[in-house]
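# Structural overview
So you can see what is in the structure, the chains are spelled out below.
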Amino acid sequence: MKQSVTGVILCVVTIVAFLYFVNSSSREATMLFVNGTVYTLDRNNTVGQALAIHGSRIVAVGTSDDLKNRFISDTVIDLQGQTVMPGLIDGHAHMYGLGQLLQSVILVGVKTPEEVVQRVKERVDQTPLGQWIYGRGWDQNLWPSKEFPVAAMLDAVSPNHPVVLIRVDGHAIWVNSKAMKIARVTKETKDPAGGRILRSSDGEPAGVFIDDARDLVENSVPPPSAEEIELCILRAAAECTKVGITEVHDMGIDSVRIAIYKKLVDEGRLPIRIYAAIGAPSTTWDEWSTQKPLIGYGNGMFTLRAMKMYVDGALGSRGAALVESYSDDPGNRGLTMNETTLEPNIRKAIEHGYQPCVHAIGDRGNHIVLNAYEKILMSVPKGNYRPRIEHAQVLLLEDIPRFSQLGVLPSMQPIHATSDMYWAEARLGPKRIKGAYAWHSLLQNGSIIVGGTDFPNDGMNPLWNFYSAITRSDRTGYPQDGWYREEKMSRDEAARCFTQWAAYGAFEEGQKGTLEPGKLADLTILSKDIMTIPSADILSTDVVTTIVGGKVVYQKAGAAPAQ
Ligand SMILES: [Zn+2]
């Protein structure tokens with residue numbers, strides 16, 4: 001009897017001690033999310049139900065019961081089945097360009113030149129004389145004629161306001177006569193190296209300027225003030241939070257924008273993180289390339305550690321450099337640029353701790369850059385340089401394995417495939433198309449892909465890119481099984497493009513890109529489970545909440561999760 005009493009007492013003491021221990025060991029969390037689907041994208045592809053954040057970091061992922069036991073928090077959020085992904089990283093985009101787009105006449109997806117002219121007219125009517133009219137996003141490939149437009153069409157509605165309309169790919173501009181007059185462009189103006197002026201049969205500039213010829217007009221556009229640039233960046237950043245983007249790799253920035261980013265970070269006004277690449281060749285690059293890169297400025301909000309340059313143009317305007325002629329334009333092999341400055345700038349970047357990011361679209365452009373990387377990497381000490389090729393869009397089949405062999409990261413934008421598929425084969429023919437937008441082939445060969453949207457050139461929604469990556473269909477579902485479907489990505493690969501692999505593409509995989517204890521609390525919460533729902537439903541998935549460093553930077557109106 002005595003023994004059993006002692007036994008009961010012992011037992012009770014043990015239970016009390018255990019409960020005391022459990023209770024005292026439950027830790028504090030600033031936010032506790034429960035009852036959701038949490039894709040960690042960790043090594044084991046763990047899927048949890050709950051996630052705890054303390055301060056700016058993730059402290060645990062697990063089941064709802066487990067985390068409710070282990071953590072106490074003033075903010076417990078019932079996800080009610082919503083999906084948590086690592087914060088989406090846009091691996092290639094243009095913040096100022098997006099801000100500018102939001103302030104200008106939007107021409108994306110317009111189906112006729114007449115509609116473009118109509119939209120310009122509306123803007124002219126509300127713009128004081130003397131001010132320039134900007135537009136962005138036109139694409140003659142969507143028009144019935146598919147022909148480049150002319151200045152006279154704009155002159156009809158805007159004889160006195162100078163007009164500059166940037167093509168969807170950013171590689172051509174359509175302007176009116178007033179703009180050409182201010183820029184002093186005439187019949188006598190010669191095509192610059194790396195650019196082309198489209199002309200009428202009598203040799204007069206017709207109104208479209210391709211690649212480096214754009215400078216002839218754009219140099220006359222009054223430069224934006226620092227205040228205007230700041231406004232554009234803030235507008236763009238706010239827009240990013242709405243589509244779940246927590247970090248942007250901003251490609252090609254200058255000293256004015258560097259100063260603005262630092263200021264916004266100092267003032268706590270930048271809601272998303274920026275990994276920036278300095279545009280080269282430029283005075284900004286000359287200045288910075290001899291200084292140390294700026295890594296993790298302002299609690300990891302701003303990093304300046306990359307250099308961006310161009311080696312060719314784009315496919316839509318036939319500026320991408322091809323080994324053989326364009327299939328639909330015999331004799332034209334596209335344009336190359338910066339040929340003499342390419343190698344010295346890559347070398348300078350690598351030697352000073354900057355990541356080289358070179359834009360290459362055509363197979364010749366990509367071949368030139370791969371050769372340059374190969375040569376330079378052989379002559380510097382072995383290291384983890386992670387050089388990138390931006391777009392890597394059309395590749396010689398024999399160049400595909402070279403990416404992983406050399407450690408060169410392809411930085412690609414899935415939506416480019418589904419925007420270009422209507423005409424890309426006409427440009428390239430049936431053989432070269434096999435090496436175009438070749439995601440699966442690159443992955444098969446051991447590469448990872450840094451995913452980006454390239455906003456503002458082609459929309460800015462990473463979920464549309466995710467959809468493009470896994471379907472290779474447009475948003476109407478065409479073609480049904482996908483265009484060159486063997487190059488599709490799996491959902492896991494597409495998700496990693498915009499999270500873990502994009503983080504790797506910025507040397508940041510130790511800090512973000514997966515949801516693991518110790519990593520930054522950058523999260524994107526979605527209304528639906530994009531990893532399992534029918535692909536068409538991805539397009540109607542909402543971003544519910546965007547969190548950067550444990551701070552809610554976007555909350556969809558009316559969708560505040562239950563607490
Ligand atoms: Zn770009």
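Right above here is the structure, for reference.
Residues numbered from 1 in each chain as written. Predicted model: local features only at pLDDT ≥ 70, side-chain atom pairs only at ≥ 80, totals over all residues.

### Remarks on the overall build of the chain
A tally of regular secondary structure across the chain gives 21 helices and 27 strands. Expressed as a percentage of its 563 residues, the buried residues of the chain come to 51%. Looking at the chain alone, contacts between residues at least 24 apart form 72% of all its contacts between residues at least 6 apart. (Helix = DSSP H or I, 4+ residues; strand = E, 2+ residues; numbered from the N terminus. Buried ≥ 20, exposed ≤ 12 C-beta atoms within 10 Å, placed from the backbone. Contact = placed C-beta atoms within 7 Å.)

### Observations concerning the packing of helix H3 (residues 95-103) against helix H8 (residues 226-242)
Across the interface, H3 lies against H8 with an axial gap of 7 Å and an inter-helix angle of 90°. In terms of orientation, H3 and H8 fall into the roughly perpendicular class. Between H3 and H8, the contacting residues are Met 95, Tyr 96, Leu 98, Gly 99, Gln 100, Leu 102 and Gln 103 on the first element and Ile 229, Leu 231, Cys 232, Ile 233, Arg 235, Ala 236, Ala 237 and Glu 239 on the second. (Axes fitted to C-alpha atoms, helices over the stretch in contact; angles between N-to-C directions. Parallel < 35°, antiparallel > 145°, perpendicular 65-115°, else oblique.)

### Let's talk about the nonpolar core
Where a protein is soluble and globular, its nonpolar side chains tend to be buried together. Counting 139 residues, the largest nonpolar core has Leu 32, Leu 51, Met 307 and Phe 466 as its most contacted members. Both domains that furnish three or more residues to this core are identified here as domain 1 (1-87 + 515-563) and domain 2 (96-218). In contact with Leu 51, other than residues within four places in its own chain, are Phe 33, Val 38, Ile 58, Val 61, Val 84 and Leu 515. Grouped together as the second largest cluster of nonpolar side chains are 29 residues, Trp 138, Val 168, Phe 209 and Ile 210 included. (Core = buried A, V, L, I, M, F, W, Y, C linked by C-beta atoms within 7 Å. Domains from an automatic or database assignment.)

### Some details on the sheet that holds strand S15 (residues 195-199)
Taken together, the six strands give an open sheet; going across it, the order is S11-S12-S13-S14-S16-S15, and neighbouring strands pair in mixed fashion. On the outer flanks of this sheet lie strand S11 (105-106) and S15, each paired with one strand and no other. Sheet topology places strand S14 (residues 172-175) next to strand S16 (residues 205-211); three bridges connect them, and they run antiparallel. Note on S16: the bridge partner recorded for Ala 172 is Ile 210. Helix H4 (residues 113-125) rests against S11, strand S12 (133-138) and strand S13 (163-167) of the sheet, and its axis sits at about 155° to S12. (Pairing = 2+ DSSP bridges.)

### Focus on the environment of Ala 360
With respect to the helices, strands and loops of the structure, Ala 360 is situated in strand S21 (residues 355-360). Residues Ala 360 and Gly 313, spaced 47 residues apart in sequence, show a C-alpha to C-alpha distance of 7.6 Å. Excluding residues that lie within four positions of it along the chain, Ala 360 makes contacts with Val 311, Asp 312, Gly 365, Asn 366, Val 369, Ile 389, His 391 and Ala 392.

### Focus on H8
Compared with an ideal rise of 1.5 Å per residue, which puts 17 residues at 24 Å, H8 spans 25 Å between its outermost C-alpha atoms and is within 8% of the ideal. Every buried residue of H8 is accounted for by Ile 229, Glu 230, Cys 232, Ile 233, Ala 236, Ala 237, Glu 239, Cys 240 and Thr 241. Contacts from the buried residues of H8 go to H3, strand S17 (245-253), helix H9 (255-266), strand S26 (543-548) and strand S27 (551-555). Looking at the residues trailing H8, positive phi occurs at Gly 244, about 85°. (Expected span 1.5 Å × (residues − 1).)

### Topic: the environment of Val 124
If you trace the backbone, Val 124 turns up in helix H4. Accessibility expressed as a C-beta count within 10 Å gives 19 for Val 124, which makes it partly exposed. Residues Val 124 and Pro 159, spaced 35 residues apart in sequence, show a C-alpha to C-alpha distance of 9.8 Å. Other than its neighbours up to four places away in sequence, Val 124 contacts Ile 133, Val 157, Ser 158 and His 161.

### Side note on the environment of Asp 42
Note that Asp 42 resides in the loop between strand S3 (37-39) and strand S4 (47-48). On the basis of neighbour count, Asp 42 is assigned to the partly exposed category, with 16 C-beta atoms found within 10 Å. In this view, Asp 42 contacts Thr 514 and Glu 516; residues no more than four positions away in its chain are not counted.

### Considerations on the sheet that holds strand S5 (residues 50-54)
Pairing within the open sheet is mixed, and its four strands lie in the order S6-S5-S2-S8. For this open sheet the edge positions go to strand S6 (57-62) and strand S8 (76-78), each flanked by a neighbour on one side alone. Strand-to-strand twist of the sheet, defined as the mean angle between neighbouring strand axes without regard to direction, takes the value 15°. Two strands pair when backbone bridges link them, and strand S2 (residues 31-34) and S8 are joined in this way by three bridges, in the parallel orientation. Paired with Leu 32 across the two strands is Val 76, which belongs to S8.

### With respect to helix H13 (residues 363-379)
Taking 1.5 Å of rise per residue, the 17 residues of H13 would be expected to cover 24 Å, and the 25 Å separating its terminal C-alpha atoms lies within 8% of that figure. Residues Asp 363, Arg 364, Gly 365, Asn 366, Ile 368, Val 369, Leu 370, Ala 372, Tyr 373 and Ile 376 constitute the buried set of H13. For H13, the elements touching its buried residues are helix H12 (339-351), S21, strand S22 (388-391), helix H14 (400-406) and helix H16 (424-432).

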